[in-house]
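Fold and geometry: a report
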Amino acid sequence: MGAIGTIMDIKTPHSRTSKSSGSAVYDDNHAPVTSILPDGDVPYTDHEMDADEQVIMALGYKQEFKREFSLWTTFCVSFAVLGLLPSFASTLYYGMGYAGTAGMVWGWIIAMIPIQCIAMSMAELCSAMPTSASASSGGLYYAAAVLAPEGYGPLAAWLTGWSNWIGQVTGAPSVDYALSAMILAAASITNPSYVPTNWQIFLLTTLIIILHSIISSLPTKRVAQFNSYGSTFNILALVATLIVIPAATTNSPKFTPSHEVWNTITNQTDFPNGVAVLMTFVSVIWTMSGYDSPFHLSEECSNANVASPRAIVMTSAVGGVMGWFLQLVVAYTVTDISAVIDSDLGQPWASYLLQILSQRAALGILGLTIVCGFSMGQGCMVAASRVTYAYARDDCFPYSNIWKKVNKTTATPVNAVIMNAVLGILMCLLILAGETAIGALFSIGAIAQFVAFAIPIAIRVFFVGDRFRKGPWHLGPFGPYIGGLGVAFVLLMVPILCLPSVTGGDLTPDLMNWTCLVWGAPMLAVTIWWVLDARHWFTGPVVNVEHAIHAVASEGVEPEEHRDTEATTMSGKLADI
């Protein structure tokens, strides 16, 4: 059965460490993990390994980072990347602008069901393959390689990795652009004669990206502390916003009647109402695309195959519920949707706050959103740097030997952070081309991330099936059905996210949805690269343990005289077993 049979089907004893046939590693605190290393070829180590490092070594990786993230701090990074308040503020144009209040409240509920299914399926993969979470930092990319049918692992990893990386590397620039727009909108509110220029927005965005790259290059402990504070502030600011807006609104009456909120679809597209509601999902998907962060940060997390999946599910569930409450508050208090969307401020969230609150209260909520946005952008930068590091470690990029270096002082991938920062600044040059061009970064983040989420889940559902070897956190017999629903949702949303809001003669270049080009063109390019060249040398996630020069004899098995001491590829080792 090739790779699938090897990883998924082997039955093992319990609660011991073995150097016998199968090279299995067991620990009371972990589910048994079958080593990919051949019989008797045990990793060389000159120190005592804890439970997490035993698991990582059994599956072909050596520990690179310090494990200074806990369940709470991992959740904090993930929740900071989610950034409900700044995410909602950044994408209000799509949620409210396409289908009005009914699209907002119904759209969030409908979209969150399959999104939660994707999160739970991802958590199950994370728990089943702790090395995909803890050793590769590439999470989904590793899972796709291991689960794919024999011979297709490298291709699955290649497509998953590139789509995930495109989504990750656009995360911080899109957040920081929205953050800059909010900061300058606040300046416009206090000084109505001031009108921000695109150059000013670009320069401020560049400064914020640089600040985020500096913070993300600090030692893991400091990064964890910063994100813990930022995530805590995100939660408190969100609760404060949910309380202040209904209490301080100047509307008379305070709230819009429920029948108008739930039943009135203000369709501002050229498509039928149902399609317009589906188009509002870009706001939900982009907001909820950060819950995979624990999959990429688990090499720095203790008890990764339990804490990381829990953090994924916690982030999606808490984010989904609190995000819906925020949708309801805005839907019940907004008075003029067209005025919010078309305001001269150029930032719908700022326009909405001014519409329903006093200037002082509006600036207060906007200030909270700005601080949350800064924390969110930093979380995005951390997550993206770990993904870049993981793919560089497997030589996916030109000059990967530079980007995969871990700084000796901070024990973090500083070079990967710098690479992402430079690329982010270059992408933000789209600001100079106008709002439509830079807006494509939001759609790219949504579509690229969820396509990467769906590939390994689809392989697990449709190719592995009952042979899937569950980890300590799993969905039981419902796993394939939950994963199948999530995959079907992604297949539906890929074309929807590429639709423009207008059609026919109204469709001009400045109103075109450029997602299909800006995401599709790089994916087409890497696919062509695969066909023409990469398939000859890319073999999937690379195993980087140092093997013993002489294999240890198994019971009844003589050791080989020589064993390859070089790092070998994951797919190659799987094929050898």
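- For the protein, an unreviewed UniProt entry supplies the name Amino acid permease/ SLC12A domain-containing protein and the organism Penicillium decumbens.
- If you open the UniProt record of the protein and go to Subcellular location (unreviewed entry), you find "Membrane".

A word on the overall build of the protein
- Across its full length, the protein carries 24 helices and two strands.
- Within the span of the protein, comprising 577 residues, buried residues form 60% of the whole.
- Taking all contacts inside the protein whose residues are at least 6 apart in sequence as the whole, residues at least 24 apart take part in 80%.
- Just so you have it, the protein exposes about 21800 Å², and 64% of that area is on carbon and sulfur atoms.

What to know about the side chain of T287
- Within the secondary structure, T287 is located in helix α12 (residues 281–287).
- With sequence-adjacent residues up to four places away left out, T287 is seen in contact with L82, L84, S87, F88, T91 and W108.

Regarding the packing of helix α4 (residues 84–128) against helix α14 (residues 304–333)
- Packing of α4 against α14 brings their axes to within 9 Å, and their N-to-C directions diverge by 165°. One element, α4, and the other, α14, form an angle in the roughly antiparallel class. Seen from above, α4 lies across α14 with left-handed handedness.
- Broken down by class, the residue content of the contact of α4 with α14 amounts to 27 nonpolar, 10 polar and no charged.

Things to note about the packing of aromatic side chains
- Applying the stated criterion across every chain yields a total of 24 aromatic pairs.
- Their ring planes at 90° and their centres at 6.2 Å tell us that W537 and F538 sit as a pair that is edge-to-face.
- Overall, W537 belongs to the partly exposed group, its relative accessible area being 34%.
- Connected via pairs of aromatic rings, a cluster forms that spans Y141, W158, W162, W165, Y391, F397, W529, W530, W537 and F538.
- The ring of F468 carries R460 above its face, with NZ or CZ at 4.3 Å from the centroid.

Details of α14
- Taking 1.5 Å of rise per residue, the 30 residues of α14 would be expected to cover 44 Å, and the 43 Å separating its terminal C-alpha atoms lies within 8% of that figure.
- By the criterion of burial, α14 is predominantly enclosed, with 23 of the 30 residues buried.

As for the environment of V340
- With respect to the helices and strands, the residue V340 is situated in helix α15 (residues 337–341).
- Each C-alpha atom, one on V340 and one on Q355, is 7.8 Å from the other, the two residues being 15 residues apart in sequence.
- Setting aside residues no more than four positions away along its own chain, V340 makes contact with L92, M96, V334, P348, S351, Y352 and Q355.

Things to note about the environment of F374
- Its place among the elements puts F374 in helix α17 (residues 359–393).
- Placed 162 residues apart in sequence, F374 and H212 show a C-alpha to C-alpha distance of 8.2 Å.
- Apart from residues lying up to four places away in sequence, F374 is in contact with L179, I208, L211, H212, I215 and F226.

Concerning the side chain of S217
- Inspection of the secondary structure puts S217 in the loop between α8 (198–216) and α9 (220–248).
- Of the polar contacts made by the side chain of S217, one reaches the backbone oxygen of S213; its length is 2.8 Å.
- With residues near it in sequence (within four places) discarded, S217 still touches T410, T412, V414 and V417.

Let's talk about the nonpolar core
- I115, Y291, W349 and Y352 are the most contacted members of the largest nonpolar core, which totals 142 residues.
- Per-element accounting of this core gives the leading share, 22 residues, to α4.
- Setting aside anything within four residues of it in sequence, one finds Y291 in contact with S78, L82, I115, I118, A119, M122, I312, T315, S316, F450 and F453.
- By size, the runner-up hydrophobic cluster in this structure holds five residues, among which are V105, V261, L328 and Y332.

Examining unusual backbone geometry
- In this model, S252 is joined to P253 through a cis peptide bond whose omega is 0°.
- As for its position among the elements, P253 is in the loop between α9 and α10 (258–263).
- The residue A411 is not glycine, and still its phi comes out positive at about 60°.

Let's talk about the confidence of the model for the protein
- Summarising the model, the protein shows a mean pLDDT of 78, and 77% of its residues fall at 70 or more.
- Under a pLDDT of 50 for its full length, residues 1–42 has, in the predicted model, 114 contacts with residues more than four places off or in other chains.
- Note on residues 131–137: pLDDT is under 50 here. Beyond four places in sequence and across chains, it has 39 contacts.

A word on helix α23 (residues 520–532)
- Over its 13 residues, α23 extends 18 Å from the first C-alpha to the last, a length consistent with the 18 Å expected when each residue adds 1.5 Å.
- Residues of α23 that are buried include every one of M523, V526 and W530, and no others. Taken end-on, α23 shows its buried residues confined to a sector of 65°, consistent with a single buried face. Seen from the buried face of α23, the exposed residues on the opposite side, beyond 90 degrees, are L524 and L532.
- In this structure, the buried residues of α23 make contact with α7 (153–190).

Observations regarding the packing of α4 against α9
- In contact at an axis separation of 8 Å, α4 and α9 are set at 60° when each is read in the N-to-C sense. Put simply, α4 runs oblique to α9. Where α4 approaches α9, its residues L84, L85 and P86 are matched on the opposing element by N234, A237, L238 and T241.
- The residue makeup of the contact of α4 with α9, split by class, is five nonpolar, two polar and no charged.

Quick look at a nonpolar patch on the surface
- A surface patch of nonpolar side chains, about 660 Å² in accessible area, is lined by W199, L203, I418, V422, L426, L429 and L432.
- Secondary-structure elements contributing two or more residues to the nonpolar patch are α8 and α19 (414–427).
- Looking at which element gives the most residues to the nonpolar patch, the answer is α19, with three residues.
- Along the polypeptide, L429 turns up in the loop between α19 and α20 (435–464).

A closer look at the environment of A411
- Here A411 is to be found in the loop between α18 (400–403) and α19.
- A C-alpha to C-alpha distance of 9.0 Å links A411 and S217, two positions 194 residues apart in sequence.

What counts and what doesn't
Residues numbered from 1 in each chain as written. Predicted model: local features only at pLDDT ≥ 70, side-chain atom pairs only at ≥ 80, totals over all residues. Heavy atoms only, no water. UniProt positions renumbered as here; feature names shortened; annotations may be inferred. Helix = DSSP H or I, 4+ residues; strand = E, 2+ residues; numbered from the N terminus. Buried < 20%, exposed > 50% of the residue type's maximum accessible area, 1.4 Å probe, protein only. Contact = heavy atoms within 4.5 Å. Areas by Shrake-Rupley, 256 points an atom, 1.4 Å probe, with all protein chains shown as cover. Axes fitted to C-alpha atoms, helices over the stretch in contact; angles between N-to-C directions. Parallel < 35°, antiparallel > 145°, perpendicular 65-115°, else oblique. Left-handed = near helix turned anticlockwise from the far one by under 90°. Nonpolar A, V, L, I, M, F, W, Y, C, P; charged D, E, K, R; others polar. Phe/Tyr/Trp six-rings, centres within 6.5 Å; stacked < 30°, edge-to-face > 60°. Lys NZ or Arg CZ within 6 Å of the ring centre and 35° of its normal. Expected span 1.5 Å × (residues − 1). Polar contact = N/O pair within 3.5 Å; in protein donor to acceptor, adjacent residues only side chain to side chain. Core = buried A, V, L, I, M, F, W, Y, C linked by side-chain atoms within 4.5 Å. pLDDT = per-residue confidence, 0-100. Arc of directions from axis to C-beta. Patch = residues over 30% accessible without salt bridge, like charges linked within 9 Å, V, L, I, M, F, W, Y side chains within 5 Å. Salt bridge = Lys/Arg side-chain N within 4 Å of Asp/Glu carboxyl O.

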